[in-house]
Amino acid sequence: MSWLLPVAQSTPAPPSGASGAVARLLRGVLPPAFADPIASAAVFIVVFVLIYAVGKAVVLPVVTRYLKRRDLDEHARTPIRKLTSIVVVFVAIAVAFGTAGFGDFLQSLATVAAAATLAIGFAMQDVLKNFVAGVFIYTDKPFRIGDWIEWDGNAGIVEDISLRVSRVRTFDNELLTVPNSQLTDGVIKNPVAKDKLRLKFVFGIGYDDDIDTATDIIIEEAEKHDEILDDPEPSVRLTELADSYVGLQSRIWIAQPSRADFVRTRAEYVKNVKVRFDEEGIEIPYPQRDLSGFVEVDGPVTAPEQ
């Protein structure tokens, strides 16, 4: 008649390690079905926060100091710091995962990744494209943080370069967040990539004005300006014979160019040349149109009264 005897229900053993110790404390107030998962979750959170805090307080400053000693510029330091932060988070999750008794984090991660690879591949096509483009920007260095760039009708100063997007501050103080693929698929103009930048400006003079005198004035004002280089020396070329003016193109060079230097130097130079033209009686003509033809009028035309 042993089948009539009540079957004793066994209590599941608490998890091992730190989670087990916390679970045994919680079992005094909660049933095992609730105490064990709460203990594992609590241990996971505490271990993750501790390791992450230590990594941010110790590992990242050490890496930053090492990169500065290596004389790496901000363009190269930024992605390495971000990669270090990712590694710190990954290590914190892996250690917390094992300490909480969830099993082998890498094995679990591989299982989840294998199941989600196809879905992630379709969902993250653009993300992966921009990530690869970001890697190319870091390796090829078409521009750096602080450079003035132009692309697809846009222009501004690069403020940040990440592995997915770059942030550019326009000259109207607007912040553009640009996917990296847009900056690698097209043509990027970087006027400040080199130490020198050539500026060109066409001065229009009248057909009756003396070309040699105007050329001398343009050259002299370039030589007087402190920020215009003597080597390469300024030059002037006759480039246009337009309907209302003769075009003289001035070519000058500035050192260590930036957007502010470019605009200011050109404005000062053009103003100085205009003042000299006025002093020498050289006119900058404006377009003129001669209208001719006739008008048909219905009915008789009467002369105006005298």
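Structure shown above.
Residues numbered from 1 in each chain as written. Predicted model: local features only at pLDDT ≥ 70, side-chain atom pairs only at ≥ 80, totals over all residues. Heavy atoms only, no water.

### Side note on the overall build of the protein chain
On a plain count of helices and strands, the protein chain comes out with eight helices and seven strands. For the protein chain, the proportion of contacts with a sequence separation of at least 24, taken over those separated by at least 6, is 59%. Here the protein chain displays about 20,500 Å² of accessible surface, and carbon together with sulfur accounts for 58% of that area. (Helix = DSSP H or I, 4+ residues; strand = E, 2+ residues; numbered from the N terminus. Contact = heavy atoms within 4.5 Å. Areas by Shrake-Rupley, 256 points an atom, 1.4 Å probe, with all protein chains shown as cover.)

### What to know about the environment of Glu268
Turning to its location among the elements, Glu268 is positioned in helix α8 (residues 259-280). Remark: the alpha-carbon pair of Glu268 and Glu221, spanning 47 residues in sequence, is separated by 9.9 Å. Looking at Glu268, its side chain comes within polar contact range of the side chain of His225, at 2.8 Å. (Polar contact = N/O pair within 3.5 Å; in protein donor to acceptor, adjacent residues only side chain to side chain.)

### Observations concerning the packing of aromatic side chains
Per the counting criterion, the structure on display carries five aromatic pairs. Ring centres of Phe203 and Phe277 lie 6.1 Å apart, and the angle between their planes is 70°; this geometry places the pair in the edge-to-face category. Here Phe203 is found in strand β5 (residues 196-205), whereas its partner Phe277 is found in helix α8, with 74 residues between them in sequence. The exposure class of Phe277 is buried, given its relative accessible area of 0%. Taken together through their ring pairs, the aromatic side chains of Phe201, Phe203, Tyr269 and Phe277 make up a single cluster. (Phe/Tyr/Trp six-rings, centres within 6.5 Å; stacked < 30°, edge-to-face > 60°. Buried < 20%, exposed > 50% of the residue type's maximum accessible area, 1.4 Å probe, protein only.)

### Overview of the nonpolar core
The biggest cluster of nonpolar side chains holds 22 residues, and the ones touching the most others in it are Phe203, Ile205, Ile218, Tyr269 and Phe277. When contributions to this core are tallied by element, the ones reaching two or more residues are β5, α7 (211-224), β7 (246-255) and α8. The greatest single-element share of this core, amounting to five residues, is contributed by α8. Apart from the residues within four sequence positions on either side, Phe203 is in contact with Ile218, Val246, Gly247, Leu248, Ser250, Tyr269, Val270, Val273 and Phe277. Listed in part, the ten residues of the second largest apolar core include Phe143, Ile149, Val158 and Val168. (Core = buried A, V, L, I, M, F, W, Y, C linked by side-chain atoms within 4.5 Å.)

### Concerning a nonpolar patch on the surface
Together, Leu83, Ile86, Val87, Phe90, Val91 and Val95 line one region of the surface with nonpolar side chains, adding up to about 500 Å² of accessible area. If you trace the backbone, Val95 turns up in helix α3 (residues 74-99). Assessed through its relative accessible area of 37%, Val95 is described here as partly exposed. (Patch = residues over 30% accessible without salt bridge, like charges linked within 9 Å, V, L, I, M, F, W, Y side chains within 5 Å. Salt bridge = Lys/Arg side-chain N within 4 Å of Asp/Glu carboxyl O.)

### A look at the pairing of strand β1 (residues 148-151)
The side chains of a regular strand alternate, residue by residue, between the two faces of the sheet. By the bridge criterion, four bridges tie β1 to strand β2 (residues 154-161) in an arrangement that is antiparallel. Looking across to β2, one finds that Trp151 is bridged to Asn154. Counting the residues in the hairpin turn of β1 and β2 gives two residues, including Asp152, whose phi is positive at 45°. (Pairing = 2+ DSSP bridges.)

### A short note on α7
Given a rise of 1.5 Å per residue, 14 residues ought to cover 20 Å, and the 20 Å separating the end C-alpha atoms of α7 matches this to within 8%. Among the residues of α7, those classed as buried are Ala214, Ile217, Ile218, Glu221 and Ala222. Down the axis of α7, the buried set is contained in an arc of 130°. They therefore lie on one face. In α7, the exposed positions angled more than 90 degrees off the buried face are occupied by Asp212 and Lys224. Where the residues of α7 are buried, they touch β5, β6 (235-241), β7 and α8. Measuring from the side-chain oxygen of the N-cap residue of α7 to the backbone nitrogen of Asp212 gives 3.3 Å; that N-cap residue is Asp210. (Expected span 1.5 Å × (residues − 1). Arc of directions from axis to C-beta.)

### Considerations on unusual backbone geometry
Cis rather than trans, the peptide bond between Asp231 and Pro232 has omega equal to 0°. By the secondary structure assignment, Pro232 is in the loop between α7 and β6. Within the chain, Lys141 stands out as a residue other than glycine whose phi angle is a positive 55°. Turning to its location among the elements, Lys141 is positioned in the loop between α5 (125-140) and β1. Among the residues examined, Lys141 registers a relative accessible area of 37% and is labelled partly exposed. Positioned with a positive phi, Asn173 is a non-glycine residue whose angle comes to about 65°. For Asn173, the location among the structural elements is in the loop between β3 (165-169) and β4 (175-179).

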